[in-house]
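Observations on chain architecture
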Amino acid sequence: MYSLPSRPLFAIAVFAASIACQAHAAEPHVHGQATLDVAVEGQVLAIALASPLDNVFGFERLPRTDAERARVRQAIASLRDGAALFLPSPDADCRLEAAQVHFGALHHGLTGEGEAPRGKPQAEHQHADLDADYRFRCARPEALRSLEVRVFRVFPGVNRIAAQLATDKRQAGATLTPAQPRLRW
Ligand SMILES: [Zn+2]
């Protein structure tokens, strides 16, 4: 399920990423905060999460110790487990079809995937973000009324998520917190 994405997923991921850029262009990189773009189109529920790396690793560079490497491995596995991070309305019968996570300039160093970046390595003082895209397919999309975001439970470093929702009927924004982790529509 988590192997190389099919072309349609890539198209959706790029589409979602472009939405994220437009919707959250003004969102600064603030530790503890993240952004979420949720789009429902037909049977597809597409979710794009963007977050400072500090929220999931506790640092924004390559790991230096075995403990840090273990933490990174576990966090990446958790990020790819979209069904544990996002719970759509149960009646909609949604299944996770694909998930992909990208770590910008640190992607190769953190995952071993792709090519090593050329040129100078990233300076230690720079901030770094991750982008994660998830695609669910829902058997009964008409029953889709909410999304419980368990990112707060899995990654306690996240304490606020600015969420944007787009369906064929409405667009809305919401601020999610550990006390109010549910997006409704
Ligand atoms: Zn940062």
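Residues numbered from 1 in each chain as written. Predicted model: local features only at pLDDT ≥ 70, side-chain atom pairs only at ≥ 80, totals over all residues.

**Description of the overall build of the protein**
Rules: Put simply, DSSP H or I for four residues or longer makes a helix, DSSP E for two residues or longer makes a strand, and each gets a number counted from the N terminus. Around each residue's C-beta, the other C-beta atoms within 10 Å are counted; 20 or more make the residue buried, 12 or fewer make it exposed, and counts in between make it partly exposed. All C-beta atoms are placed from the backbone. Whether two residues are in contact is decided by their C-beta atoms, placed from the backbone, lying within 7 Å.
Scanning the protein from terminus to terminus reveals six helices and nine strands. In the protein, buried positions account for 32% of the 185 residues. A fraction of 67% describes how many contacts in the protein between residues 6 or more apart in sequence connect residues 24 or more apart.

**Focus: the confidence of the model for the protein**
How we decide: Confidence of the predictor in every single residue is expressed as pLDDT, which spans 0 to 100.
For the protein, the average pLDDT comes to 88, and 83% of its residues sit at 70 or higher. Predicted confidence for residues 1-7 stays below pLDDT 50, and this span has seven contacts to residues more than four positions away or in other chains. Within the model, pLDDT remains below 50 along residues 10-23, and this stretch shows 22 contacts once partners closer than five positions in the same chain are excluded.

**A closer look at the sheet that holds strand β9 (residues 182-184)**
Operational definition: Strands were regarded as paired on the criterion that DSSP finds at least two bridges between them. In this description, a line fitted to the C-alpha atoms serves as the axis of each element, helices being fitted only across the stretch in contact, and the angle between N-to-C directions of two axes falls anywhere from 0 to 180 degrees.
Pairing is antiparallel across the open sheet formed by three strands, whose spatial order is β3-β6-β9. The strands lining the two open edges of the sheet, one partner per strand, are β3 (86-88) and β9. Pairs of neighbouring strands in the sheet enclose a mean axial angle of 15°, with direction left out of account. Here three bridges tie β3 to strand β6 (residues 146-149), and the two strands are oriented antiparallel to one another. When the bridges of β6 are listed, P88 appears paired with L147.

**Regarding the sheet that holds strand β4 (residues 94-102)**
Hydrogen bonding along the main chain pairs the strands of a sheet, whether they run parallel or antiparallel. Strand order across the open sheet formed by six strands is β4-β5-β2-β1-β7-β8, with mixed pairing between neighbours. Unpaired on one side and paired on the other, β4 and β8 (171-176) mark the two borders of the sheet. Going across the sheet, the axis of each strand differs from the next one's by a mean of 15°, ignoring polarity.

**Some points on helix α3 (residues 66-80)**
To keep it simple, the criterion reads: Multiplying 1.5 Å by the helix residue count minus one yields the expected span of that helix. For this quantity, the arc is that covered by the directions from the helix axis to the C-beta atoms.
The end-to-end C-alpha separation of α3 is 21 Å, in line with the 21 Å expected for 15 residues at 1.5 Å each. Listed as buried for α3 are V72, A75 and L79. In an axial view of α3, the angular spread of the buried residues amounts to 70°, which keeps them on one side of the axis. Opposite the packed face of α3, turned more than 90 degrees from it, sit the exposed residues D66, A67, A70, Q74 and A77. Looking at the packing, one finds that the buried side of α3 touches α2 (54-57), β4, α5 (107-111) and β5 (129-138).

**A closer look at the nonpolar core**
Keep this limit in mind: Here, a nonpolar core means buried Ala, Val, Leu, Ile, Met, Phe, Trp, Tyr and Cys residues linked by C-beta atoms lying within 7 Å of one another.
Counting 44 residues, the largest nonpolar core has L36, L45, I47, L49, V149, V151 and I161 as its most contacted members. No other element matches the six residues that strand β2 (residues 44-52) contributes to this core. Those residues in contact with L36 that sit more than four places away from it in its chain are I47, L49, V149, I161 and A163.

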